[in-house]
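Tertiary structure, described
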Amino acid sequence: MARIAGHYVYYLWDKNGVIIYVGKGQKQRMWGSAKEQGAFGGVIYKRNLDEQTALSMEATLIDHYGIDTLQNIKPNGASKMFIDKCPPKQHGTRKNKPLGIVPKPLRKDHYEKYKEVLKQGVAKARRKREIWLNEYLADKHCHYCGESETCSLVFYPNDQEIRKFSKETGLRKELRLRVLEKIRETKIVCMNCEAKKINDIELSPIL
Ligand SMILES: [Zn+2]
């Protein structure tokens with residue numbers, strides 16, 4: 001009597017790529033089994049087998065992985081007939097990494113870990129943007145009294161607006177030009193003269 005070769009042996013893995021189940025079946029059996037076992041994926045290990053061969057191979061695979069590490073309940077009979085000839089492959093897709101590969105930490109973890117460093121970097125860039133504005137003022141003097149102490153010079157009016165804008169803008173030349181355009185709409189004055197201007201005290205520019 002001819003043997004019916006419609007059986008296959010399959011195995012299933014979890015989301016970490018760990019093989020959790022070995023089975024034998026026909027037709028759509030593997031998919032039903034995958035659902036039952038809560039598997040992430042599965043593959044047919046060997047197809048076109050008669051039932052006896054499939055059972056034997058199933059048992060061999062269960063023996064190979066060890067019943068204790070699988071979700072299988074029954075070890076069946078064990079034989080060594082196929083395992084050495086066709087060792088099962090490890091499977092890994094993008095979502096389902098092969099065994100032994102530690103998944104990369106999530107971006108969020110990375111951010112948490114380096115949050116302080118990143119913040120420092122941002123603060124440093126901001127300071128640099130403040131420095132260039134002060135460098136710009138270094139050779140300037142008050143429009144009214146000639147005061148040249150950089151730290152006492154302001155843009156009148158809109159000093160706060162310009163400094164805020166400068167901090168928000170990058171350091172690239174074309175971005176600086178946008179700040180310089182705004183500066184052109186102002187006068188550079190010292191804080192004393194600024195106070196006088198705010199209080200409507202008449203000032204005349206130095207020659
Ligand atoms: Zn002045």
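Residues numbered from 1 in each chain as written. Predicted model: local features only at pLDDT ≥ 70, side-chain atom pairs only at ≥ 80, totals over all residues.

**Remarks on the sheet that holds strand 3 (residues 41-49)**
In spatial order, the strands read 2-1-3; together these three strands make up an open sheet with antiparallel pairing. In the strand order of this sheet, the two ends are held by strand 2 (19-26) and strand 3, each with one partner. Averaged over neighbouring strand pairs, the angle between their axes works out to 20 degrees when direction is ignored. Where strand 1 (residues 7-13) meets strand 3, six bridges bridge the pair, whose relative direction is antiparallel. Within strand 3, the residue paired with Leu-12 across the bridge is Gly-42. Across the sheet, helix 1 (residues 29-37) is in contact with strand 1, strand 2 and strand 3; its angle to strand 2 comes to roughly 145 degrees. On the sheet, helix 2 (residues 51-65) packs against strand 1, strand 2 and strand 3 and is oriented at approximately 175 degrees with respect to strand 2. (Pairing = 2+ DSSP bridges. Helix = DSSP H or I, 4+ residues; strand = E, 2+ residues; numbered from the N terminus. Axes fitted to C-alpha atoms, helices over the stretch in contact; angles between N-to-C directions. Contact = placed C-beta atoms within 7 Å.)

**A few points about the packing of helix 4 (residues 159-168) against helix 5 (residues 173-184)**
Put simply, helix 4 and helix 5 touch, their axes get as near as 10 Å, and they point 175 degrees apart. Considered as vectors, helix 4 and helix 5 are oriented roughly antiparallel to each other. On helix 5, the residues that touch Ile-162, Phe-165 and Ser-166 of helix 4 are Val-179, Lys-182 and Ile-183. Here the residues of the contact of helix 4 with helix 5 sort into four nonpolar, one polar and one charged. (Parallel < 35°, antiparallel > 145°, perpendicular 65-115°, else oblique. Nonpolar A, V, L, I, M, F, W, Y, C, P; charged D, E, K, R; others polar.)

**Digging into unusual backbone geometry**
In the segment running from Tyr-156 into Pro-157, the intervening peptide bond is cis, with an omega of -10 degrees. Along the chain, Pro-157 turns up in the loop between strand 4 (153-156) and helix 4. The residue Lys-27 is not glycine, and still its phi comes out positive at about 50 degrees. Tracing the chain through its elements places Lys-27 in the loop between strand 2 and helix 1. Exposure remark for Lys-27: the 10 C-beta atoms within 10 Å place this residue in the exposed category. (Buried ≥ 20, exposed ≤ 12 C-beta atoms within 10 Å, placed from the backbone.)

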